[in-house]
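Listed here are the chains, written in short residue letters.
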Amino acid sequence: IISGMGFAVIFPSGIVLGLMLPDHYLAAPEHRVVFAMFLAVALAVSAVPVIAKILIALGMMRRELGLTILATGVVDDTVGWLLLSIIAGLATRGVVDFTSVSIFFAETAAFVAFCYFVGHRLVSRFLRWVDDRTYIEHGKLTAIVGIALVMAVVTQAIVLHAVFGAFVAVLMVESSARVRKRDLEDLKGVTLGVMAPLFFAYSGVRADPSALRNPMVPLMVLGIACAGKLVGCGFGGVIAGLRPREALSVAVGMNARGGIGIIVALLGLSLG
């Protein structure tokens, strides 16, 4: 309920803002609708890793309020990846109409259904075979990365986006009984120690702050992003039965931003 209310307020706000921005902020003004949807996703999503770090620092990870904030963030993140993959596909095709959107939703639903009912079992069997039959050092880490790459290729082929396939791959891998905490720690070490710094450095190099002719525009975007979460998630918390102070705490927690917003921006930039 909290995540849904947050999206219900901030996503339309982001689309309206994208439709109202001056043409010189758009690389392709004729594709303003797709741009507006990219902007709406960037404003709507929260950063689960940032939320988790804050909750750990405050000692709230095992409290009910902390778990509510984290669970809401996970829902936000999942919906955000789904919307991002669909909008990226629309941008790739260059058309936004009822037929295109219907095809995307049908393809996404079929892909997710296959992964949920069949795919995770195949992944579990493959990882069990790797665990029992191979003697390669860090073989399971290689297998996990391979699964993510294959899923990325599949989603790219059906004109969703590669990041959504990798995201679903991680969910399937985590559900396997043969994946131990040590395996995930190895993957986490490579990701956070090598891939993440490279990604953020590359993103920083691509950014050009001088292109922002009016400082009020980023302030307006930031204001809508924060206010939308405060109003939407706060009201959703009250509807869900939280006390006003608890609802406000959840709404503030959902304002943690970061990784996925940069991914949305960089993906939009790469697609023009």
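These lines cover the structure that appears in this document, whether it is placed above or below. (Residues numbered from 1 in each chain as written. Predicted model: local features only at pLDDT ≥ 70, side-chain atom pairs only at ≥ 80, totals over all residues. Heavy atoms only, no water.)

Below, the discussion takes up the overall build of the protein chain. The helix and strand tally for the protein chain stands at 11 helices and zero strands. In sequence order, the protein chain lays out its α and β elements as α-α-α-α-α-α-α-α-α-α-α. The globule rule puts the C-alpha radius of gyration for 272 residues at 19 Å, and the 20 Å found for the protein chain is close to it. Once the C-alpha set of the protein chain is aligned to its principal axes, its extents read approximately 60 × 45 × 35 Å. Here the protein chain holds 272 residues, and 38% of them are scored as buried. Contacts spanning at least 24 positions in sequence make up 71% of the contacts within the protein chain whose residues lie at least 6 apart. Split by element, the accessible area of the protein chain, about 15,100 Å² in all, is 70% carbon and sulfur. For the protein chain, the separation between the mean place of its 21 positive charges and that of its 16 negative charges on side chains is 6 Å. (Helix = DSSP H or I, 4+ residues; strand = E, 2+ residues; numbered from the N terminus. Rg over C-alpha atoms; globule rule 2.2 N^0.38 Å. Buried < 20%, exposed > 50% of the residue type's maximum accessible area, 1.4 Å probe, protein only. Contact = heavy atoms within 4.5 Å. Areas by Shrake-Rupley, 256 points an atom, 1.4 Å probe, with all protein chains shown as cover. Lys, Arg positive; Asp, Glu negative; His and termini not counted. Charge placed at Lys NZ, Arg CZ, Asp CG, Glu CD.)

Applying the stated criterion across every chain yields a total of two aromatic pairs. Between Tyr116 and Phe117, the aromatic rings sit 5.0 Å apart at their centres with planes inclined by 90°, giving edge-to-face as the arrangement. When the ring of Phe199 is compared with that of Phe200, the centres are 5.3 Å apart and the planes differ by 65°; the resulting orientation is edge-to-face. A residue is classified by how much of its surface remains accessible, and Phe199, at 24% relative accessible area, is partly exposed. (Phe/Tyr/Trp six-rings, centres within 6.5 Å; stacked < 30°, edge-to-face > 60°.)

Bringing a nonpolar patch on the surface into the picture now. Taken together, Phe114, Tyr116, Phe117, Val118 and Leu122 make up a surface patch of nonpolar side chains, about 550 Å² in accessible area. Residue position: Tyr116 is located in helix 5 (residues 98–133). By relative accessible area, which is 60% here, Tyr116 ends up exposed. (Patch = residues over 30% accessible without salt bridge, like charges linked within 9 Å, V, L, I, M, F, W, Y side chains within 5 Å. Salt bridge = Lys/Arg side-chain N within 4 Å of Asp/Glu carboxyl O.)

A word on helix 11 (residues 259–270). An ideal rise of 1.5 Å per residue puts 16 Å on 12 residues; helix 11 measures up with 17 Å between its terminal C-alpha atoms. Buried within helix 11 are the following residues: Ile260, Gly261, Val264, Leu266, Leu267 and Gly268. Within two residues after helix 11, Gly272 carries a phi angle of roughly 85°, on the positive side. (Expected span 1.5 Å × (residues − 1).)

For the rest of this paragraph, the subject is the layout of surface pockets. Within this model, the largest pocket holds a volume of roughly 2,300 Å³. What lines the largest pocket is a set of 43 residues, among which Pro49, Trp81, Val170, Thr191 and Leu192 lie closest to the centre. Where the lining of the largest pocket is concerned, the elements lending two or more residues are helix 3 (48–57), helix 4 (64–93), helix 6 (139–157), helix 7 (162–174), helix 8 (181–206) and helix 11. The greatest single-element share of the lining of the largest pocket, amounting to 11 residues, is contributed by helix 8. Each residue belonging to the lining of the largest pocket can be placed in one class, and the counts come to 34 nonpolar, five polar and four charged. Roughly 1,600 Å³ of volume is contained in the second largest pocket. If you go around the second largest pocket, you meet 44 residues; those closest to its centre are Phe35, Leu39, Ala265, Leu266 and Leu269. It is helix 11 that contributes the most residues to the lining of the second largest pocket, eight residues altogether. (1 Å grid on protein atoms, 1.4 Å probe; cavity = no way out; pocket = protein on both sides within 12 Å on 5 of 7 lines; lining within 4 Å. Points joined across faces, edges and corners; volume = space filled by probe spheres on them. Nonpolar A, V, L, I, M, F, W, Y, C, P; charged D, E, K, R; others polar.)

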